[in-house]
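Structural description and commentary
Chain by chain, the residues:
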Amino acid sequence: MIEIDSLIHRQLEASQMFANNFKNMYSSELREVRFDGFSYTLQMNPARIQSATADITKKPDANRCFLCSGNLIEGQFAEDYTVAFLIAVNPFPLAENHITIISKLHEPQGIIKIVDSFVKMADDMPDYAVFYNGPKCGASAPFHLHFQALKADALPVYNQIESLKTKAIQCSIYSGALIHKIDDGTRRFVLIETDNAFQAQYYIERVLHEVNRIYNTTEPEVNVGIVLRDGYYTITIFPREKHRPEEYFRTENRILCSPGYADLAGLIPVCLRENFYSITPDDITSIMNQVCISQEKFEKLNI
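Attention in this report is confined to the structure presented alongside it. (Residues numbered from 1 in each chain as written. Predicted model: local features only at pLDDT ≥ 70, side-chain atom pairs only at ≥ 80, totals over all residues. Heavy atoms only, no water.)

1. Looking at the overall build of the chain
- Within the chain, the secondary structure is distributed over 11 helices and 13 strands.
- By the compact-globule yardstick of 19 Å for 303 residues, the chain fits well, its C-alpha radius of gyration being 18 Å.
- Overall, the C-alpha framework of the chain stretches about 50 × 45 × 35 Å when taken along its three principal axes.
- Split into buried and exposed, the 303 residues of the chain put 56% on the buried side.
- By sequence separation, contacts in the chain at least 24 residues apart represent 69% of the contacts at least 6 residues apart.
- Total accessible area on the chain stands at roughly 13,300 Å², and carbon and sulfur atoms take up 49% of it.
- Charge separation in the chain, taken as the distance between the mean sites of 29 positive and 38 negative side-chain charges, equals 5 Å. (Helix = DSSP H or I, 4+ residues; strand = E, 2+ residues; numbered from the N terminus. Rg over C-alpha atoms; globule rule 2.2 N^0.38 Å. Buried < 20%, exposed > 50% of the residue type's maximum accessible area, 1.4 Å probe, protein only. Contact = heavy atoms within 4.5 Å. Areas by Shrake-Rupley, 256 points an atom, 1.4 Å probe, with all protein chains shown as cover. Lys, Arg positive; Asp, Glu negative; His and termini not counted. Charge placed at Lys NZ, Arg CZ, Asp CG, Glu CD.)

If you want it as structure tokens, here you go:
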């Protein structure tokens, strides 16, 4: 188990900027937007504007990449986690104990070949949501492989699982695993539940290969999260149709959003105060329906 509390404490002691950002996160305004049996939480978080507006077309080399160990932002430090990964405190936190798990190699985002490492991260961080954002799925640094983690209770989807199961369009029961295809009217995603790490890896890989088949890709554009809690893995996989919705590009009534895993899991950081008060259930439905896999493709996804 990783001593995340200690890491956070030492980083906040070492950097006033980190301390201020965490203080602002904890005191941020929240607004709940309810739907039938589930909800989203809007979080007023101006610091996330850098992520929301990141230019993902830029591909800096290792000399300029802010996730490479020699180029971390001022005051940030990273510690060894495994042979392949470092661990660091996220400078722009979304929730309690938000950390970033960073590849020691300067390589692009990609999950399909390292699902075993992904599951192991959940093993090492029980009660944390470990998550991955694909290169065109809200990742602000698609040029350098990384994962993130934060306390799972901060993400509404994990507190609404039983209600969301009632919105499944398909349920498959296998030895050691239960898999749902869920369409709640806003999002379309796959839910996997199992008490076995090998089953978790197998069915994540199975779904990712299915996404590749549907989209004719070799590396799927997805947002994936996993939580190990009370001996059970809960995995949510959101195949993506597009990076940003049309609302992002409007000149009038613009909604500044580049949905990543946290947004799809129900915690939506809002950078602009006017958006925080004006976003409606219809806006959320529109945004999520655009960025998530289409209904037609979702029906073809075999689980």
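2. Here's the deal with the packing of aromatic side chains
- By the definition in use, this model includes 15 aromatic pairs.
- With 6.2 Å between their ring centres and 70° between their planes, F38 and Y40 make a pair best called edge-to-face. Across the pair, exposure class does not vary: F38 and Y40 are buried alike.
- On the basis of an interplanar angle of 45° and a centroid distance of 5.6 Å, the ring pair of Y132 and F147 is categorised as tilted. Residue Y132 is located in strand β6 (residues 128-133), and its partner F147 is located in strand β7 (residues 146-151); the two are separated by 15 residues in the primary sequence.
- Given a relative accessible area of 0%, Y132 falls into the buried group.
- Judged by relative accessible area, F147 falls into the buried class, the value being 0%.
- Linked through ring pairs, F85, F118, Y132 and F147 together constitute an aromatic cluster.
- When the ring centre of F298 is taken as reference, the NZ or CZ atom of K181 above it lies at 5.0 Å.
- Note that R254 overlies the ring of Y248, its terminal NZ or CZ placed 4.5 Å from the centroid. (Phe/Tyr/Trp six-rings, centres within 6.5 Å; stacked < 30°, edge-to-face > 60°. Lys NZ or Arg CZ within 6 Å of the ring centre and 35° of its normal.)

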